[in-house]
Amino acid sequence: MGITFRKETFRDDFTFRNSPEHIRRFPFPFHEDSYMYAVNIEPHVVGPKGSVLENLIDVDEHYVAEMQDRALVLAEDPLRCQSLPHMTLAGWDLLELLMEQQALGYPEHFTLKRDGDRWRWINRPLGIDDTFTFGDTSTLPYGPMEYITRQSQGDFCILDQRDGNLWMDAGMVTTQADWSLDFDIGMNFFEWHAPVPLAHEKGIFVRALKFLTNIQQGKPARRLNWTMTINPRLDTSPENYHKWGPDRATVTPENVGDKVHLRVELQSFWRLPRSNGIVFPIRCYLIKMDELVTQPKWARRLHRVIRDLPEELATYKGLTRYRSTLVEWLSKLDDGSATSQGFGPD
Amino acid sequence: MAAKTIISRPIYGTLSPQAGKHHLFVADAEGALAIKDMAARAPAGFFDGAEIVFIAGPDGKYVAALEALEPAQLHIAPSFASLLPRLKQTLTNAHMGLRLYLAGTEGLIGQAMQVALEAGIDHTSMQTEHRGSLARRMQCVHCKGITENVTTQPATCSHCGLLLLVRDHYSRRLAAFQGVCINAEDRSEIPPMEEIFR
């Protein structure tokens, strides 16, 4: 039994929805009733069946629609996909990883056949059947990173490791939460995180870098991050901020449930075998408030988290304009009772 | 120097004479004075192996001060754009061990560093000293246009006209600070424009 891919949009009429099964599997990011930065990195191992961790590279009902949205973004702005000249080998590493993982987790949708360097890749949801020579860029319609990330959900950053640091030297970034690959490409780990408030002072990035530079092949790691987005818009890039920014002023008590979305990033970190780079997939999950509050525990907890969020974090995450409207709406769903341990719904 | 800073914002030092036989100085405006001050600390004969490239203002100020150092080569350029082909060739043909010194405005240091990085010189091996104006070179994240000599906060993009917050976030690759629309959420909000990068 395969996935039924939804026909939906992430722009204009915003028809994106989660099915009831996908609401239950949403990676709710709060394990307690408050939130502060932490180095919340853990081994990226397979999780329970029916969760987003059932496979290490998750493919879900939004796959086809997300790939169509990515193609639209790239047509408008090709600079969302860039790779510095020394990163081609890492691109092949990534192509291998994503083909292997998608074929392993979803054999009814993806097939990878290898005969030495001669590879055949079948992607049934997107109607692709290509044969190419691994390592020979001229046998693919795009560079290896662009080719495979046009067929994989989430943004991808490939980091080069040298001088004890990680460098953002390649990426496919079309569903970002307000950062620009075009501006940040070539920066090191501390530089591209420079605008994040509070975390530098807490030593978060020093510890995180130490952890990441020690990641071993075959032992990926993961963490969750979150923000909020008005309307189910994937492309919340700074490039287009002047186009989507006005959405934030459209939240009213009547439309909170439909307009406000929790946006969760499942970030994972993988050592690449040939290039010794690190690939950093940033998989974005969206859920509208009306869907989220079908799980009473999540409604109560989200109310408390947003209400008590430090002002600097609320500002950084861009919640300022609609935070009070959202908290007021959520408060009606919070009877003050205790929430159970852990992320999952009751 | 700006009082409050973030990690991507460049930090400049004070020029100091490095060991070696070949020295290339690129400077504009008051950057000439940084070279003059350094010269006082340099060993005898230091400038025998030095080339100074100076972008002089229309008044030719500081040119005489640099001539007095008697460098092996002094080149006066009218603008950074006109200097660019020469600078690229000099760096391409440079011997291993060339020492690079950049002094003057942030825009000059950033752009010269950008060319040097492309030529394969590591940024940590360059000597830099900021002198003169704090005016910024800014890239509009929306239209990607570069606006030179930004002195105000916020600033108007000289290409697309959006009102931009000039961030401290800086890209060495683009040699520019990032400008992001300051009133994207409500275009009727017009914050006062203050001259702060002087």
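Fair warning: this is a prediction, and the values are worked out from it, not measured in the lab. All chains use their own residue numbering, which begins from 1 and follows the written sequence. Key to labels: chains lettered from A, ligands numbered from 1, both in the order written. Whole-chain, interface and lining totals are the exception, using all residues; otherwise, since this is a predicted model, local features are given only for residues with pLDDT of at least 70 and side-chain atom pairs are given and counted only at 80 or more.

### With respect to the overall build of chain A
Only DSSP runs of H or I covering at least 4 residues are called helices, and only runs of E covering at least 2 are called strands; the numbering of each starts at the N terminus. On a plain count of helices and strands, chain A comes out with 13 helices and 10 strands. Radius of gyration here is computed from C-alpha atoms only, and the compact-globule reference equals 2.2 Å multiplied by the residue count raised to the power 0.38. The globule rule puts the C-alpha radius of gyration for 346 residues at 20 Å, and the 20 Å found for chain A is close to it. With the C-alpha coordinates aligned to their principal axes, the bounding extent of chain A is approximately 60 × 45 × 40 Å. Each residue is represented by a C-beta atom placed from its backbone, and any two residues with such atoms within 7 Å are regarded as in contact. Taking the contacts inside chain A whose residues are at least 6 apart along the sequence as the reference set, 71% of them involve residues at least 24 apart.

### A short note on the pairing of strand E5 (residues 127–130) of chain B
All names here are of chain B. Across the two faces of E5 the burial is the same, with Gln 127 and Glu 129 and Thr 128 and His 130 all buried. Note: two strands are recorded as paired if DSSP finds a minimum of 2 bridges between them. Sheet analysis places strand E4 (residues 99–104) next to E5, joined by 4 bridges and oriented parallel. Bridging from a neighbouring strand, Leu 102 pairs with Thr 128 of E5. By the criterion used throughout, a crossover qualifies as right-handed when its path from the first strand across the helix to the second strand runs clockwise, the strands pointing away from the viewer. In this fold, E4 hands off to helix H4 (residues 106–118), which returns the chain to E5; that crossover is right-handed. Buried residues are those with 20 or more other C-beta atoms within 10 Å of their own C-beta, exposed residues have 12 or fewer, and partly exposed residues lie in between; C-beta atoms are placed from the backbone.

### Observations regarding the interface of chain A and chain B
Counting from both sides, the interface comprises 19 residues of chain A and, opposite them, 17 residues of chain B. Mapped onto the side of chain A that touches chain B, the elements with two or more residues apiece are helix H6 (189–192) and helix H8 (241–244) of chain A. Throughout, the ten residues Ala, Val, Leu, Ile, Met, Phe, Trp, Tyr, Cys and Pro are labelled nonpolar, Asp, Glu, Lys and Arg are labelled charged, and all others, Gly among them, are labelled polar. Looking at the side of chain A that touches chain B, its residues break down into 10 nonpolar, 5 polar and 4 charged.

### What about the sheet that holds strand E11 (residues 176–181) of chain B?
Residues and elements named next belong to chain B. Spatial ordering of the open sheet is given by E7-E6-E11-E10-E9, a layout of 5 strands whose pairing is mixed. Each edge of the open sheet is held by one strand with a lone partner, namely strand E7 (146–150) and strand E9 (155–156). Two strands pair when backbone bridges link them, and strand E6 (residues 136–140) and E7 are joined in this way by 3 bridges, in the antiparallel orientation. Counted as the bridge partner of Arg 136 is Val 150 from E7. Structural elements are reduced to axes, namely lines fitted to C-alpha atoms, with helices fitted over the stretch in contact, and the angle between N-to-C directions of any two is expressed from 0 to 180 degrees. The strands touched by H4 are E6, E7 and E11; relative to E6, the strand with the most contacts, the crossing angle is about 65°.

### Some details on the domain arrangement of chain B
When the parts of a complex come together, some accessible area is lost, and that lost area is often taken as the interface size. Residues and elements named next belong to chain B. Domain annotation of chain B identifies domain 1 (23–130) and domain 2 (136–195). Residue ranges for the domains originate in an automatic or database domain assignment. Computed over C-alpha atoms only, the centres of domain 1 and domain 2 are separated by 28 Å. Listed by partner, the interface residues are 8 residues for domain 1 and 7 residues for domain 2. Across the side of domain 1 that touches domain 2, the residue classes break down as 2 nonpolar, 5 polar and 1 charged.

### A few points about the nonpolar core
Residue and element names in this part refer to chain B. The term nonpolar core refers to a set of buried Ala, Val, Leu, Ile, Met, Phe, Trp, Tyr and Cys residues connected through C-beta atoms within 7 Å. Core analysis: the biggest nonpolar cluster contains 49 residues, and Phe 25, Val 26, Ile 35, Leu 102, Ala 112, Met 138 and Leu 164 have the highest contact counts within it. Counting contributing residues per domain, this core is built from domain 1 (23–130) and domain 2 (136–195), each supplying no fewer than three. Discounting chain neighbours no more than four positions away, the residues touching Ile 35 are Leu 15, Phe 25, Ala 27, Ile 52, Leu 66 and Ala 103.

### A few points about the packing of helix H11 (residues 296–308) of chain A against helix H13 (residues 323–331) of chain A
Residues and elements named next belong to chain A. The contact between H11 and H13 brings their axes to 9 Å, and the two run at 150°. The two elements H11 and H13 meet at a crossing, and its hand is left-handed. Contacts between H11 and H13 involve Ala 299, Leu 302, His 303, Ile 306 and Arg 307 on the former and, on the latter, Arg 323, Leu 326, Val 327, Leu 330 and Ser 331. In terms of residue class, the contact of H11 with H13 is made up of 6 nonpolar, 2 polar and 2 charged. Note: crossing handedness is left-handed where the near helix turns anticlockwise from the far helix by less than a right angle, and right-handed where it turns clockwise.

### Comments concerning the packing of helix H3 (residues 80–92) of chain B against H4(B)
Angle between the axes and distance between the axes are the two parameters that describe a pair of packed helices. All names here are of chain B. Contact pair H3 / H4: the axes reach a minimum separation of 10 Å and the direction vectors enclose 35°. H4 is crossed by H3, and the crossing has right-handed handedness. Note on element contacts: H4 touches H3 through Leu 108, Gln 111, Ala 112, Val 115 and Ala 116, opposite Phe 80, Leu 84, Leu 87, Lys 88 and Leu 91.

### Examining H13(A)
Residues and elements named next belong to chain A. Of the residues making up H13, those classed as buried are Leu 326, Val 327, Trp 329 and Leu 330. What you see down the axis of H13 is that its buried residues fit within an arc of 165°, all on one side. Those residues of H13 that are buried are in contact with helix H9 (256–259), strand E9 (260–271) and H11. Throughout, the arc means that of the directions going from the helix axis to the C-beta atoms.

### Here we look at the pairing of strand E2 (residues 50–55) of chain B
Residue and element names in this part refer to chain B. Extensive coverage of E2 is indicated by the burial of 5 of its 6 residues. Where strand E1 (residues 23–28) lies against E2, 6 bridges are found, and the strand directions are parallel. Of the residues in E2, the one forming a bridge with His 23 is Ala 50. Of the crossover connections in this fold, the one passing from E1 over helix H1 (residues 31–39) to the parallel E2 is right-handed.

### Here's the deal with the sheet that holds E9(A)
Residues and elements named next belong to chain A. With respect to topology, 7 strands assemble into an open sheet ordered E1-E8-E9-E10-E6-E7-E2, the strand pairing being antiparallel. Single-partner strands in this sheet number two, and they are strand E1 (42–43) and strand E2 (81–83). Relative to strand E7 (residues 165–172), strand E6 (residues 155–162) is paired through 7 bridges, and the arrangement is antiparallel. Considered in E7, the bridge of Asp 160 is made with Trp 167.

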